[in-house]
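# Coordinate inspection notes
One-letter residues, chain by chain:
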Amino acid sequence: MTSKPPRLTARLCLVVLLLLSGGPPAVAAKGGAPTGAAKPAPGWHAVLVAADNAEPVFDNAVDTIARQLTLRGVPAANIHRLSANDEPRDPATEPSSADRLLGRIAGLPVRRGERCLVFITSHGKQDAGVWMARDRDYLQPEALARALSGRCARVPTVVVVSACYSGIFVSGAMRAPNRIVLTAARRDRPSFGCQADRTYTFFDECLIEALPRAATCRAAFAETVACVGRMERRLKALPSQPRAYFGVAVRDLATP
């Protein structure tokens with residue numbers, strides 16, 4: 001039997017090695033990253049707050065968004081849940097006092113390339129802010145803006161305030177180039193869905209449905225506004241007209 005030429009033998013060996021290793025090695029692009037490697041998703045650090053315990057809708061929304069983030073690959077250590085309930089469903093949940101909330105936001109250990117997410121759901125009062133049941137007082141936009149001026153000031157940040165009259169949070173000190181603020185209503189309008197027999201408020205339900213489907217926060221908000229409008233028309237309620245602010249540096253930010 002005649003032997004194969006050395007060059008052909010070498011090529012056959014190379015093919016076998018490639019098959020065993022799962023394919024050719026990824027080629028590095030100009031930036032240094034292999035072109036065959038998937039780009040890692042940016043890391044999120046989240047503070048999720050059920051600030052009132054008068055109805056279960058607030059804790060329900062926090063629990064569901066926490067699960068959504070976990071399914072998207074956010075580590076459990078990066079998700080901080082706060083509740084107004086004295087006996088929260090998860091023992092790791094922290095009390096939702098204003099001091100605890102603001103301190104947790106200010107101390108988020110975010111690094112370059114990561115993201116901040118703050119979600120607050122509760123009742124609200126016109127020109128007063130969002131109700132913090134543990135403090136028996138309202139959280140105002142200026143206090144929240146100060147907490148966000150810490151480490152979250154250096155990275156893209158999404159803030160959701162779901163409450164009646166929450167449009168007060170889209171102006172003044174809450175505006176920053178790196179920040180998106182989504183609210184459930186105009187500053188002079190109530191929002192709906194806080195009944196004890198509901199799972200979520202209207203705004204929270206629509207946002208929870210939109211986030212997994214939408215590619216960007218802007219698209220998620222547009223879908224949420226349309227969804228809220230449909231629910232309010234069925235109720236024949238005064239439109240809440242959710243309001244948003246999109247900073248110039250994050251107008252096309254991907255959803256968490």
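### Notes on the sheet that holds strand β10 (residues 244-246)
Reading across the sheet, the 7 strands line up as β3-β2-β1-β4-β8-β9-β10 and stay open at both edges, with mixed pairing between neighbours. Unpaired on one side and paired on the other, β3 (94-95) and β10 mark the two borders of the sheet. With 7 bridges joining them, strand β1 (residues 44-50) and strand β4 (residues 115-121) adopt parallel strand pairing. Bridged to V47 within β4 is V118. Packing against the sheet, helix α6 (residues 217-235) makes contact with β8 (157-162), β9 (179-183) and β10, and its axis sits at approximately 165 degrees to β10.

### Focus on the packing of aromatic side chains
Counted according to the given criterion, the structure contains 3 aromatic pairs. Each ring, one from F192 and one from F202, has its centre 6.3 Å from the other, and the planes form 45 degrees; the classification is tilted. Of the two residues, F192 is situated in the loop between β9 and α5 (202-210) and F202 in helix α5; the sequence distance between them amounts to 10 residues. Since its relative accessible area comes to 8%, F202 is described here as buried. R218 extends its terminal NZ or CZ atom over the ring of F246, reaching a point 4.3 Å from the ring centre.

### Re the environment of A50
Along the polypeptide, A50 turns up in strand β1. In contact with A50, not counting residues within four places along its chain, are F58, D59, V62, L82, S83, A84, S96 and T121.

### A look at the environment of S240
As for its placement among the helices and strands, S240 is situated in the loop between α6 and β10. In this structure the C-alpha to C-alpha distance between S240 and G167, which are 73 residues apart in sequence, comes to 9.7 Å.

### Some remarks on the confidence of the model for the protein chain
In this model, the protein chain carries an average pLDDT of 87, and 84% of its residues clear a pLDDT of 70 or more. Scored below 50 in pLDDT, residues 1-41 makes 14 contacts in the model with residues more than four places away or belonging to other chains.

### Topic: the sheet that holds strand β5 (residues 124-125)
Pairing is antiparallel in the open sheet, where 3 strands are placed in the order β5-β6-β7. Because the sheet does not close on itself, it has two edges, and the strands there are β5 and β7 (137-139). Of the pairings in the sheet, the one linking strand β6 (residues 129-132) to β7 comprises 3 bridges and is antiparallel in character. Residue pairing across strands places W131 opposite Y138, the latter belonging to β7.

### Some remarks on the state of the cysteines
All told, the structure shown has 2 disulfides when counted by the stated rule. A disulfide bridge connects C116 with C152, and the sulfur atoms are separated by 2.1 Å. In this structure the cystine formed by C116 and C152 twists about its S-S bond by roughly -90 degrees; its chirality is therefore left-handed. Residue C116 is found in strand β4, and its partner C152 is found in the loop between α4 (141-148) and β8; the two are separated by 36 residues along the sequence. Judged by relative accessible area, which is 1%, C152 ranks as buried. A sulfur-sulfur distance of 2.1 Å marks the disulfide that ties C206 to C227. In this structure, the disulfide formed by C206 and C227 twists by about -65 degrees around the S-S bond and is classed as left-handed. Remark: C227 occurs in helix α6 and C206 occurs in helix α5; sequence separation between them is 21 residues.

Rules of the game
Residue numbers here run from 1 along each chain, matching the order of that chain's written sequence. Local features in a predicted model are, by the rule used here, given only for residues with pLDDT of at least 70; side-chain atom pairs are given and counted only at 80 or more, and totals for whole chains, interfaces and linings are based on all residues. Note that the side-chain values use all heavy atoms of the structure and ignore hydrogens as well as water. When DSSP finds two or more bridges between a pair of strands, those strands are recorded as paired. Where helices and strands are cited, they refer to DSSP runs of H or I of at least four residues and of E of at least two residues respectively, numbered from the N terminus. Two residues qualify as a contact provided that any one of their heavy atoms is within 4.5 Å of a heavy atom in the partner residue. Every axis in this analysis is a line fitted to C-alpha atoms, fitted for helices over the stretch in contact. Angles between the N-to-C directions lie between 0 and 180 degrees. The rule is short: rings of Phe, Tyr and Trp, with Trp giving its six-membered ring, pair when the centres are within 6.5 Å, and they are stacked under 30 degrees, edge-to-face over 60, tilted in between. When accessible area is computed with a 1.4 Å probe and restricted to protein chains, residues below 20% of their type maximum are described as buried, those above 50% as exposed, and intermediate ones as partly exposed. Charges are assigned to positions over rings by a cutoff of 6 Å between ring centre and Lys NZ or Arg CZ, combined with an angular limit of 35 degrees from the ring normal. Confidence scores labelled pLDDT are given residue by residue by the predictor and lie between 0 and 100. Note on terminology: disulfide denotes any pair of cysteine sulfur atoms within 2.5 Å.

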